[in-house]
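Okay, here's what each chain looks like letter by letter:
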Amino acid sequence: MSDPFVIRSLDEIRFWSRIMKEHSFFLRLGFRCEDTQLIDEAIQFQAIFEDIERRAHAYPENTDPQTIRQFNSEVHNAATHIWAFKRKVLGLILRCKLPGGNNFPLLVDHVSREARYFSNRLDELNNGRLEPLADAIIDENVFFLKIMADHAKFIGHLLDPSERKLVEQAREFSHEFDTLMYQAIDLSSMRPESQTHPLLSQFVDENRVSVKSLRDFKKTARDLIEECRIKSIIHPLLADHVFREAERFLFILDMFDRSLSGMKVNRKEILH
């Protein structure tokens, strides 16, 4: 029999280790050629998370939970270290120590938030401290809505200015998700009184509609970039990267919706 703890742990690591690997690659591309130490560190992190991703896919779902608990601890350590690296880079940029680099400060902060989210999730899994459903619904949305808003801003800034229609669409999504994020923050500040079934259900439904639209926009942009049909400086892997994160958020929202509807959630899926 597969253990839900094992399934959940491997799911998180398989997804987020790939994200961390790609973050390392994107940061490396944004460093100046003279930033050799930072480039070397990014290359090392890319190799570390590539190995973690490979190992996570090699573990079967019936692996002994204690083995996965040890693996979680190892990955937690790696996630904590890449978080520290990202915050160091952010500090250098904000103190104007890397003039001429191509990593936006918000992007570096963004990827560091995702590393912190990943390490926190592994810590929660190993210590059996996963949030109750009502808290998870609010906290996951606060986190991911900010991530989606950031993505829209990055897309808008990395498209060529002559792609006016797509740039405007990205700006509209940025505004929409900023609004949704602040609504989520308001709902969070009203806890626990705000955690009623009708409010949470409407909250999930509204966000899911918007995430679907953004996901479809990202998919279109990704396909156009891969086919060299639009002008931008967006790496094709970055376009796919942000699409996969929207898919992840949508998957989580679907699980919340099913849980709120009283439907049984497959234990192989994301459980809260």
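As named in an unreviewed UniProt entry, the protein chain is DUF2935 domain-containing protein, taken from Paenibacillus oralis.

Peer 1: I'm lost on the nonpolar core in this one. Help?
Peer 2: Nonpolar side chains in soluble globular proteins generally cluster together in the buried interior. With 77 residues, the main nonpolar core has Phe-118 and Phe-177 as its most contacted residues. For this core, the element with the highest residue contribution is helix H5 (residues 133-158), accounting for 13 residues. Non-local contacts of Phe-177, meaning those with residues more than four positions away in its chain, are made with Leu-145, Met-148, Ala-149, Ser-210, Val-211 and Leu-214. Counting residues in hydrophobic clusters, the runner-up holds five residues, among them Phe-5, Leu-10, Ile-68 and Leu-125.

Peer 1: Mind showing me how you'd approach unusual backbone geometry here?
Peer 2: Across residues other than glycine, the phi torsion is negative in most instances, and most of the peptide bonds are trans. In the segment running from Arg-191 into Pro-192, the intervening peptide bond is cis, with an omega of 0 degrees. Here Pro-192 shows up in the loop between helix H6 (164-189) and helix H7 (197-226). One non-glycine residue, Cys-96, adopts positive backbone phi at about 60 degrees. By the secondary structure assignment, Cys-96 is in the loop between helix H3 (65-94) and helix H4 (105-127).

Peer 1: Would you mind showing me how to read the pattern of salt bridges here?
Peer 2: Opposite charge on two side chains permits them to pair, given that their charged atoms come into close proximity. Per the stated rule, a full pass over the model turns up 36 salt bridges. Asp-240 serves as the salt-bridge partner of Arg-18, at 3.9 Å between the closest nitrogen and oxygen. Residue Arg-18 is found in helix H1 (residues 4-30), and its partner Asp-240 is found in helix H8 (residues 236-260); the two are separated by 222 residues along the sequence. On the basis of relative accessible area, Asp-240 is assigned to the buried category, the value being 15%. Among the ionic pairs, Arg-55 bridges to Glu-74, the shortest N-O distance being 2.7 Å. Separated by 19 residues along the polypeptide, Arg-55 in helix H2 (residues 36-58) and Glu-74 in helix H3 bring together distant segments of the chain. Through salt bridges with shared partners, a single ionic network connects Arg-8, Asp-11, Glu-12, Arg-121, Glu-124, Glu-140 and Arg-248.

About the cut-offs
- Residues numbered from 1 in each chain as written.
- Predicted model: local features only at pLDDT ≥ 70, side-chain atom pairs only at ≥ 80, totals over all residues.
- Heavy atoms only, no water.
- Core = buried A, V, L, I, M, F, W, Y, C linked by side-chain atoms within 4.5 Å.
- Buried < 20%, exposed > 50% of the residue type's maximum accessible area, 1.4 Å probe, protein only.
- Helix = DSSP H or I, 4+ residues; strand = E, 2+ residues; numbered from the N terminus.
- Contact = heavy atoms within 4.5 Å.
- Salt bridge = Lys/Arg side-chain N within 4 Å of Asp/Glu carboxyl O.

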